Amino acid sequence: MMKLYAALMLLLGIAYSQDCGPGWVKGPNTNFCYYFAQTAKSYNDAFEACYDMSGIMTHVLDQEEQDFTYGLIKTQTKDVWLGLTDMDDGEGTWRWNAFICIEDTYWDAGQPSYGNGGSECAVMKANSGLWDDRNCEEMYPYICKKKLGN
């Protein structure tokens, strides 16, 4: 069954690694695997779903990872949650849910806008790959990330 699944992934143009597990894809030049969950959830529910799969919501640390992550979603019509929020440290202090400070950012023009104080979570926009802040209760697909072999 795994060989059939791997063949299907190759036909679809998705990099598949048995070390990542079914549905996960290996990132470029990294020791990380990614899972694009198309089921829309709130930010907190997406966070829990990634945790249940031994992962975290994805964080983007450089241009290569930004491009790879956008490549996972660019054929979609819905934006997707990233593991980026300013819920814990106060408005305007954005951190990855892996407690990593942001270095490179890919905010869309005029973002983050803070939407009257209710936009504390970030999405990657499906039409551009740029980031936008949204209300954490809104429902979006999401991307999980985990260490290779977990």
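Reading the values: rules and limits
Residues numbered from 1 in each chain as written. Predicted model: local features only at pLDDT ≥ 70, side-chain atom pairs only at ≥ 80, totals over all residues. Heavy atoms only, no water. pLDDT = per-residue confidence, 0-100. Helix = DSSP H or I, 4+ residues; strand = E, 2+ residues; numbered from the N terminus. Contact = heavy atoms within 4.5 Å. Salt bridge = Lys/Arg side-chain N within 4 Å of Asp/Glu carboxyl O. Buried < 20%, exposed > 50% of the residue type's maximum accessible area, 1.4 Å probe, protein only. Core = buried A, V, L, I, M, F, W, Y, C linked by side-chain atoms within 4.5 Å.

### Notes on the confidence of the model for the protein chain
Next up, step 1: Across the protein chain, pLDDT averages 83, with 83% of residues at or above 70.
Next up, step 2: When mean pLDDT is compared element by element in the protein chain, helix α2 (residues 43-52) scores highest at 97, while helix α1 (residues 2-11) scores lowest at 35.
Next up, step 3: Across residues 1-16, where pLDDT falls below 50, the model places 16 contacts with residues more than four positions away in sequence or in other chains.

### Considering the pattern of salt bridges
Side chains that differ in charge, positive against negative, can pair when their charged atoms come close.
Next up, step 1: Considering all chains together, one arrives at four salt bridges under this definition.
Next up, step 2: Measuring nitrogen to oxygen at the nearest pair gives 2.5 Å for the salt bridge that ties K125 to D108. Of this pair, K125 sits in the loop between β6 (121-124) and β7 (131-134) while D108 sits in the loop between β5 (95-96) and β6, and the two are 17 residues apart along the sequence.
Next up, step 3: By relative accessible area, which is 17% here, K125 ends up buried.

### Side note on the nonpolar core
Next up, step 1: Core analysis: the largest hydrophobic core is formed by 18 residues, its most contacted members being L72, I73, L82, L84, W131 and I143.
Next up, step 2: Elements with a contribution of two residues or more to this core: β2 (32-41), α3 (63-73), β4 (80-85) and β6.
Next up, step 3: Every residue in contact with L82, bar those within four places of it in the chain, is listed here: Y43, M57, T58, V60, T69, W96, A122, V123, M124 and W131.
Next up, step 4: Core analysis: the second largest hydrophobic core is formed by 16 residues, A37, M57, C121 and C136 among them.

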